[in-house]
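# Structural overview for review
Each chain, written out:
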Amino acid sequence: MKKIIFLDIDGTLFNVSVFINLFHKKLVERFGLTDKDILELRTLYDDVKKENGYFLPSLFLNKITKRFSSVNEKQLEEIFNNVDLFEKSVYKDTSVIKSLADLAIFGVFSQGEEMFQKRKIAFMKNLLDDGNVHIFPDKLRQAKQVFNKYGGYEIFLVDDNLNLLTEVRSMYPNISVILIDRNDRFRDNKDMARIKDLSELKSII
């Protein structure tokens, strides 16, 4: 039976904290923002996530330009969309994915704004078929729609969200769920397969 590994993006392939910190650093360099301003930016970021249930870049950037008159909108967008920021925010262990391509097909099952999320996985473009990339504002609601397409596959789902993995497993007991726990938050969890980085996938699949 063919195998397919669905990878989450944030926390699995892409380090959001690194991205946001690099973005803030660029804003300080370009517009002279202070430490106090950066704390306010973090609040704006959290507000956007709460308002939408996921991060919406356009709303975040709009809030920044409204709050800080010194920030030029065009320059802000250029900084935020800088390819260098995205490349530096990809977890280093994603390099192992290419070596696993002979063992399984790779897909993406992620939550967020589609275009923004796809920019985070540009490094995987040669390993992914667009038909296997699934990005939604609420991915749990779409789980049935997605996984029903892969009836002839052995499915693996890698995610850092324990609650989501638990829900998916209850819906689809035949799916192998794998918790990626980079910071040992769930070290006491013995209920499902747990890895600290993607290099451990090979021993599981």
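For the structure itself, look to the data block above.
Residues numbered from 1 in each chain as written. Predicted model: local features only at pLDDT ≥ 70, side-chain atom pairs only at ≥ 80, totals over all residues. Heavy atoms only, no water.

For the protein chain, the helix and strand inventory stands at 9 helices and 6 strands. Since a compact globule built from 205 residues should have a radius of gyration of about 17 Å, the 18 Å found for the protein chain is in line with a globular shape. Along the three orthogonal principal directions, the C-alpha set of the protein chain runs to about 55 × 35 × 30 Å. Per-residue burial for the protein chain yields a buried fraction of 44% across its 205 residues. Counting only contacts in the protein chain whose residues sit at least 6 apart along the sequence, the fraction spanning at least 24 positions is 63%. In the structure as shown, the protein chain presents an accessible area of about 11100 Å², 46% of it carried by carbon and sulfur atoms. Between the centroid of the 32 positive side chains of the protein chain and the centroid of its 31 negative side chains there is a distance of 1 Å. (Helix = DSSP H or I, 4+ residues; strand = E, 2+ residues; numbered from the N terminus. Rg over C-alpha atoms; globule rule 2.2 N^0.38 Å. Buried < 20%, exposed > 50% of the residue type's maximum accessible area, 1.4 Å probe, protein only. Contact = heavy atoms within 4.5 Å. Areas by Shrake-Rupley, 256 points an atom, 1.4 Å probe, with all protein chains shown as cover. Lys, Arg positive; Asp, Glu negative; His and termini not counted. Charge placed at Lys NZ, Arg CZ, Asp CG, Glu CD.)

Moving on, we get to the packing of aromatic side chains. For the structure shown, the criterion picks out 19 aromatic pairs. With centroids separated by 5.6 Å and ring planes inclined at 70 degrees, the aromatic side chains of Y150 and Y153 adopt a geometry described as edge-to-face. Given a relative accessible area of 5%, Y150 falls into the buried group. When its relative accessible area of 22% is taken as the criterion, Y153 is described as partly exposed. Put simply, the rings of F14, F19, F23, Y45, F55, F60, F80, F86 and F116 touch in pairs and so form one group of aromatic residues. The side chain of R67 reaches across the aromatic face of F68, ending 4.8 Å from its centre. For the cation-ring pair, R182 lies above Y91, with the distance from its terminal atom to the ring centre recorded as 3.6 Å. (Phe/Tyr/Trp six-rings, centres within 6.5 Å; stacked < 30°, edge-to-face > 60°. Lys NZ or Arg CZ within 6 Å of the ring centre and 35° of its normal.)

By the criterion of burial, strand β5 (residues 176-180) is predominantly enclosed, with 4 of the 5 residues buried. Bridge count between strand β4 (residues 153-159) and β5: 4 bridges; the pairing is parallel. In the sheet register, D159 faces β5, and the bridge partner there is L179. After leaving β4, the chain enters helix α9 (residues 162-171) and then returns to the sheet as β5, a path that is right-handed. (Pairing = 2+ DSSP bridges. Right-handed = clockwise from strand over helix to strand, strands pointing away.)

Attention shifts here to unusual backbone geometry. The residue D184 is not glycine, and still its phi comes out positive at about 60 degrees. Mapped onto the secondary structure, D184 falls in the loop between β5 and β6 (193-195).

In this structure, L7, F23, F60, I64, V158 and L198 are the most contacted members of the largest nonpolar core, which totals 48 residues. Among residues more than four places away in sequence, those in contact with F60 are F23, L41, L44, Y45, V48, F55 and F80. Of all hydrophobic cores here, the second largest spans 19 residues; its members include F136, F147, L165 and V177. (Core = buried A, V, L, I, M, F, W, Y, C linked by side-chain atoms within 4.5 Å.)

For the rest of this paragraph, the subject is the layout of surface pockets. Each pocket or cavity is described by its volume, and for the largest pocket that value is around 840 Å³. Lining the largest pocket we find 36 residues, and of these D10, G11, V16, K49 and D160 sit closest to its centre. When residues of the lining of the largest pocket are traced back to their parent elements, those giving at least two are α1 (16-31), α2 (35-52), α7 (114-120) and α9. When residues of the lining of the largest pocket are assigned to their parent elements, the largest contribution, 5 residues, is made by α1. For the lining of the largest pocket, the class distribution of residues is 12 nonpolar, 11 polar and 13 charged. (1 Å grid on protein atoms, 1.4 Å probe; cavity = no way out; pocket = protein on both sides within 12 Å on 5 of 7 lines; lining within 4 Å. Points joined across faces, edges and corners; volume = space filled by probe spheres on them. Nonpolar A, V, L, I, M, F, W, Y, C, P; charged D, E, K, R; others polar.)

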